[in-house]
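One letter stands for each residue in the lines below.
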Amino acid sequence: MRVVLQRVSRAAVQVGGRVTGSIGAGFLVLAGFAPADTDDSLAWMADKILGLRVFGDAEGKMNLAVSDVHGALLVVSQFTLYGDARKGRRPSFLGAAPPEIAIPLYDRFVALLRERGAGSGTRVETGEFGAMMEVELVNDGPVTLILER
């Protein structure tokens, strides 16, 4: 599993002009899945995202988690994170899980984030798997991390 995690002051995703998810402060989570991903890798990633301390405390140090700042998550499926552009001019996406594998992984990942974030009040919004999406964000910092499991 690969994630590009961006700390945002706001983010939204639209499909066909309709907003499917929108958040204020929090994380934009671009998530890609591989055929070998398991419940363990999904759980590890959910816990990592919810526990990362990259929000500023009173002294401006990255010391607070998303729940500490009453932030939210916007999760967007992104199979292109598995694009391999080492050869030629057109990337290969053979490393990405096909939809019949990726959809249940995405749904389970979102469910884990919702379950594990519920106790702290962390809201989870989403895009629409497989749709052509327009994602808007204001990267705060900027802070962008690449996570892989």
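Before any of the text, the structure's been laid out above.
Below is a summary of the structure that appears in this document. Residue positions within a chain follow its written sequence, with the count starting from 1. Only residues with pLDDT of at least 70 get local features here, since the model is predicted, and only at 80 or more are side-chain atom pairs given and counted; chain-wide, interface and lining totals rely on the full set of residues. Derived side-chain values reflect all non-hydrogen atoms in the structure, with water molecules and hydrogen atoms excluded from consideration.

For Phe, Tyr and Trp, where Trp contributes only its six-membered ring, two rings pair if their centres lie within 6.5 Å, and the inter-plane angle classes them as stacked under 30 degrees, edge-to-face over 60, or tilted in between. Across all of its chains, the model carries 5 aromatic pairs by this definition. Ring geometry for phenylalanine 33 versus phenylalanine 109: centroids 6.1 Å apart, planes at 70°, classification edge-to-face. In this pair, phenylalanine 33 sits in the loop between β3 (26-32) and α1 (39-51) while phenylalanine 109 sits in helix α2 (residues 99-118), placing the two residues 76 residues apart along the sequence. For phenylalanine 33, a relative accessible area of 4% gives the class buried. A ring pair is formed by tyrosine 106 and phenylalanine 129, whose centres lie 5.6 Å apart and whose planes are at 50°; its orientation type is tilted. One end of the pair, tyrosine 106, is in helix α2; the other, phenylalanine 129, is in the loop between β7 (123-126) and β8 (134-148), and 23 residues separate them in sequence. Note on classification: 1.4 Å probe, protein chains only; a residue is buried when its accessible area is under 20% of the maximum for its type, exposed when over 50%, partly exposed between these limits. Classification of tyrosine 106 by relative accessible area gives buried; the value is 4%. Residue class for phenylalanine 129 comes out partly exposed when judged on its relative accessible area of 28%. Among the aromatic residues, ring-to-ring pairing joins Phe33, Tyr106, Phe109 and Phe129 into one connected group. Here a helix means four or more residues in a row that DSSP labels H or I, a strand means two or more in a row labelled E, and each is numbered from the N terminus.

Before going further, it helps to spend a moment on unusual backbone geometry. In this chain, glycine 141 is followed by proline 142 through a cis amide linkage whose omega measures 0°. Take proline 142: it is sitting in strand β8. For histidine 70, which is not glycine, the phi dihedral falls at a positive 55°. By the element assignment, histidine 70 lies in the loop between β5 (62-64) and β6 (72-77). In this structure histidine 70 comes out as exposed when scored by relative accessible area, which is 72%.

Relative to the assigned elements, arginine 114 resides in helix α2. Expressed as a C-alpha distance, the spacing of arginine 114 and phenylalanine 79, which sit 35 residues apart in the sequence, is 21 Å. Once you skip the residues sitting within four places of it in the chain, arginine 114 turns out to touch Val124, Glu125 and Thr126. Only heavy atoms matter for contacts: two residues are in contact if any of them lie within 4.5 Å across the pair.

The next point concerns the packing of α1 against α2. With axes taken as lines fitted to C-alpha atoms, and helix axes fitted only over the stretch in contact, angles between N-to-C directions fall between 0 and 180 degrees. The N-to-C vectors of α1 and α2 enclose an angle of 45°; their axes lie 9 Å apart at closest approach. On the basis of the axis angle, α1 is oblique to α2. Crossing hand, α1 versus α2: right-handed. Taking contact as the criterion, the partners of Asp39, Leu42, Ala43, Met45, Ala46, Asp47, Ile49 and Leu50 in α1 are, on α2, Leu105, Arg108, Phe109, Leu112, Leu113, Arg116 and Gly117. By the definition adopted for this analysis, an angle is roughly parallel if under 35 degrees, roughly antiparallel if over 145, roughly perpendicular if from 65 to 115, and oblique otherwise. Two helices cross in a left-handed way if the nearer one is turned anticlockwise from the farther one by less than a right angle. They cross in a right-handed way if the turn is clockwise.

Once that is clear, we can look at the environment of serine 77. Within the fold, serine 77 resides in strand β6. Take serine 77: its relative accessible area is 12%, and that puts it in the buried class. Each C-alpha atom, one on serine 77 and one on valine 3, is 9.4 Å from the other, the two residues being 74 residues apart in sequence. Not counting the four nearest positions on each side in its chain, serine 77 is found in contact with Ala31, Tyr106, Phe129, Gly130 and Met133.

When you tally the buried positions in β3, you get 7 out of 7 residues, the bulk of the element. Two strands are counted as paired when DSSP detects at least two bridges linking them. Bridge count for strand β1 (residues 2-15) against β3 is 7 bridges, and the pairing is antiparallel. Its bridge partner lying in β3, valine 4 is registered against leucine 30. As defined by bridge partners, β3 adjoins β6 across 6 bridges and the pair is classed as parallel. Among the inter-strand pairings, phenylalanine 27 is bridged to a residue of β6, identified as leucine 73.

Function cannot be read off these values alone, since they describe shape.
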